[in-house]
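# Commentary on secondary and tertiary structure
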Amino acid sequence: MLNMHNSVDTKLIFDHITKRREEKKMVMEEARATPDSVVSEFEGTILRNEDPFSYFMLVAFEASGLIRFAALLFLWSVITLLDVFSYKNAALKLMTFVATVGLREPEIQSVARAVLPKFYMDDVSIDTWKVYSSCKKKVVVTRMPRVMVEMFAKEHLKADEVIGSELIVNRFGFVTGLTRESDIDQSVLSRVADLFVDRKPQIGLARPGKTISTTFLSLCEEHIHAPVPENYNHRNKNLELRPLPVIFHDGRLVKRPTPPTSLLILTWIPLGIILAAIRIFLGSVLPFWTTPYVSKILGGQVIVKGKPPQPPAAGNSGVLFVCTHRTLMDPVVLSYVLERSIPAVTYSISRLSEILSPIPTVRLTRVRDVDAAKIKQQLSKGDLVVCPEGTTCREPFLLRFSGLFAELTDRIVPVAMNYRVGFFHATTARGWKGLDPIFFFMNPRPVYEVTFLNQLPVEATCSSGKRPHDVANYVQRILAATLGFECTNFTRRDKYRVLAGNDGTVSYLSFLDQLKKVVSTFEPFLH
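Residues numbered from 1 in each chain as written. Predicted model: local features only at pLDDT ≥ 70, side-chain atom pairs only at ≥ 80, totals over all residues. Heavy atoms only, no water.

So, about the nonpolar core. Taken as a class, soluble globular proteins show a tendency for nonpolar side chains to be buried jointly. Core analysis: the largest hydrophobic core is formed by 115 residues, its most contacted members being Phe42, Tyr120, Met148 and Phe321. Sorting elements by how many residues they give to this core places helix α3 (residues 53–63) first, with nine residues. Within the second largest apolar cluster, 28 residues are counted, among which are Leu398, Leu404, Ala416 and Val471. (Core = buried A, V, L, I, M, F, W, Y, C linked by side-chain atoms within 4.5 Å. Buried < 20%, exposed > 50% of the residue type's maximum accessible area, 1.4 Å probe, protein only. Helix = DSSP H or I, 4+ residues; strand = E, 2+ residues; numbered from the N terminus.)

So this is what it looks like as structure tokens:
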């Protein structure tokens, strides 16, 4: 009996030791299979496009204005000639100087945080990303100023370090347009060497034209040149297929300002301002039923799907239209489609937007009981429009819906709103919101899509005992499914903290304050 117990104990111990050895072997194999570190070039490698000119154009436009934007475009031929004759450092320094001189560093950081990530993400090479993301320690090197790349690389590419040129800031806080490095490639080489003192980086990713002996590639064990082959063995099966998506972004330009696109934008702006003035004037004075005909003549289009409900009968409470929020024009377009003026509740819009609005607006206070009373009062008079996201989102995502609307009525009609523009975004978090409708109407062919869903059945509302946030989540899901969007739990505060560093509140301003705001809008053009 004793011998039998001993044999069982011995077998258990043997099995335990064998299991531990196998686990250790698997861990060691996984460690060998996963590359330890990677140093990757940003332009032309992580990004497909190796020319940084358009990103400097974005800084010039968004941090300063049209004059600097036009000046940099005017110098494009000089920059190209310097590049052709192998004066790449001189070309880079000229772009950096024109785009940044006279700006404050926080202004550049703001553009790098809110504007550039969207354009970077659209240009990311997925094949390069698969190799890059398979490594543990990630270092990104760029010839652009570090401040223009660092936020995107660390937040979306999960880079541990970002190495680039450093802008010189004078004692008054203004960028001089100069950089500390005389030779950016040698500076990158020395700084990468400082990061990897004990062991060389395992993988070096760079564009094909890089000279290995004089760049950071000379420090790497393995060299991979972009474009990376699709069948490259990544070795790590747990790699991430895509970088972290850009959900929130700001800036007025829709397209990346390459030289031809930039020239087209500059040529169009004077015509766009005239066209916007005509569109806004006619939209203010003509009756709603004329809108489809006038918009076609002036280049716009409104696409309507689904069957809108009839106006409420006398004495009955109105319908609450629950819309996705894409631009400030959502409630206005809905009124045009329904051919009647429908008031809209707003969280915060500028005075100018209220003045230009052809429909009544009801400003909410963010005090729940007060806002509920306002909405109930408006519903007793007729139909009402509400956008429960509380702010706009440009990407195919829906922000969290507030459940307040679900508590106040069971006559809820979800409406999926979406839009397409060619040149200018009609929303902003950092700029002056009063210009939103003007930028929208400056687009050559703005298109709006309005999809009416069926009114919610009573059993799907709070009248049947459902909780308000359950109703709100249900409406969010069916609207997202209609548009092909994704639902998120992000709120307006999340958006404005990411893009502008505030909660997005627009306060009432006096006429003098409005005048100062207008002047400050055009002041950067003189930089």
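Moving on from the model shown.
Most of strand β15 (residues 447–452) is tucked away: six of the six residues are buried. By the alternation rule, side chains of β15 split into Val447, Glu449 and Thr451 and Tyr448, Val450 and Phe452, which are all buried. For strand β8 (residues 301–305) and β15, the ladder comprises five bridges, and the chain directions are parallel. Pairing of Lys305 across the sheet is with Thr451, part of β15. In this structure, strand β14 (residues 412–420) lies alongside β15, joined through six bridges in antiparallel fashion. Bridging from a neighbouring strand, Arg420 pairs with Val447 of β15. (Pairing = 2+ DSSP bridges.)

This part is about the state of the cysteines. Across all of its chains, the model carries zero disulfides by this definition. Cys323 supplies the cysteine sulfur nearest to Cys387, a cysteine that is in no disulfide, at a spacing of 5.2 Å. (Disulfide = S-S within 2.5 Å.)

Glancing now at the confidence of the model for the protein chain. Low pLDDT means the predicted coordinates in that region are not meant to be read closely. Looking at the protein chain as a whole, the pLDDT averages 85, with 86% of positions reaching at least 70. Contacts for the low-pLDDT stretch residues 1–8, under 50 throughout, to residues beyond four places or in other chains number zero contacts. (pLDDT = per-residue confidence, 0-100. Contact = heavy atoms within 4.5 Å.)

Our focus in this paragraph is the packing of helix α4 (residues 66–74) against helix α5 (residues 76–84). Packed helices, taken two at a time, are described by the angle their axes make and the gap between the axes. Close contact between α4 and α5 brings their axes to 4 Å; oriented N to C, the two are set at 40 degrees. On the basis of the axis angle, α4 is oblique to α5. On the side of α4, the interface is formed by Leu72, Leu73 and Phe74, while α5 contributes Trp76, Ser77 and Ile79. Partitioned by chemical class, the residues of the contact of α4 with α5 number five nonpolar, one polar and no charged. (Axes fitted to C-alpha atoms, helices over the stretch in contact; angles between N-to-C directions. Parallel < 35°, antiparallel > 145°, perpendicular 65-115°, else oblique. Nonpolar A, V, L, I, M, F, W, Y, C, P; charged D, E, K, R; others polar.)

One can find Ser134 in the loop between α9 (126–133) and β2 (137–145). On the accessibility criterion, Ser134 (3% relative accessible area) is buried. A polar contact is formed between the side chain of Ser134 and the backbone oxygen of Val131, at a distance of 2.6 Å. (Polar contact = N/O pair within 3.5 Å; in protein donor to acceptor, adjacent residues only side chain to side chain.)

This part is about a nonpolar patch on the surface. A surface patch of nonpolar side chains, amounting to about 480 Å² of accessible area, comprises Leu81, Val84, Phe85 and Tyr87. If you trace the backbone, Phe85 turns up in the loop between α5 and α6 (88–100). Since its relative accessible area comes to 57%, Phe85 is described here as exposed. (Patch = residues over 30% accessible without salt bridge, like charges linked within 9 Å, V, L, I, M, F, W, Y side chains within 5 Å. Areas by Shrake-Rupley, 256 points an atom, 1.4 Å probe, with all protein chains shown as cover. Salt bridge = Lys/Arg side-chain N within 4 Å of Asp/Glu carboxyl O.)

Below, the discussion takes up the packing of aromatic side chains. Inspection of the entire model under this criterion finds 15 aromatic pairs. With 6.4 Å between their ring centres and 70 degrees between their planes, Trp268 and Phe423 make a pair best called edge-to-face. Residue Trp268 is located in helix α12 (residues 259–285), and its partner Phe423 is located in the loop between β14 and α18 (436–441); the two are separated by 155 residues in the primary sequence. Taken together, the ring pairs connect Phe42, Tyr55, Tyr120 and Phe152 into an aromatic cluster. Lying across the ring of Phe174, Arg104 places its NZ or CZ 4.1 Å from the centre. The ring of Phe196 carries the charged tip of Lys137 above its face, separated from the ring centre by 4.5 Å. (Phe/Tyr/Trp six-rings, centres within 6.5 Å; stacked < 30°, edge-to-face > 60°. Lys NZ or Arg CZ within 6 Å of the ring centre and 35° of its normal.)

This paragraph deals with the packing of α5 against α6. Contact geometry of α5 with α6 gives a least axis separation of 7 Å together with a crossing angle of 155 degrees. Classified by the angle their axes make, α5 and α6 are roughly antiparallel. You can see that α5 and α6 cross each other, and the crossing is left-handed. Each of Val78, Ile79, Leu82 and Asp83 in α5 lies in contact with α6, whose residues at this interface are Lys88, Ala90, Ala91, Leu94 and Met95. Looking at the contact of α5 with α6 residue by residue, the classes come out as seven nonpolar, no polar and two charged. (Left-handed = near helix turned anticlockwise from the far one by under 90°.)

Under the local residue numbering, the UniProt record ascribes the feature "transmembrane region" (unreviewed entry) to residues 66–85 and 263–289. Between the first and last C-alpha atoms of residues 66–85 the distance is 29 Å; the span itself is 90% helix and 0% strand. A distance of 37 Å separates the end C-alpha atoms of residues 263–289, which is 85% helix and 0% strand. (UniProt positions renumbered as here; feature names shortened; annotations may be inferred.)

Moving on: helix α14 (residues 330–338). Most of α14 sits inside the fold, with nine of its nine residues counted as buried. Those residues of α14 not exposed but buried are Asp330, Pro331, Val332, Val333, Leu334, Ser335, Tyr336, Val337 and Leu338. Where α14 ends, the next residue or the one after it, Glu339, has phi of about 60 degrees, a positive value.

Glancing now at the pattern of salt bridges. Applying the stated rule across the entire model yields 20 salt bridges. The shortest N-O distance in the salt bridge between Lys88 and Asp83 comes to 3.2 Å. The exposure class assigned to Lys88 is partly exposed, which follows from its relative accessible area of 45%. Judged by relative accessible area, Asp83 falls into the partly exposed class, the value being 36%. Residue Glu150 is joined to Lys154 by a salt bridge in which the shortest nitrogen-to-oxygen separation is 3.2 Å.

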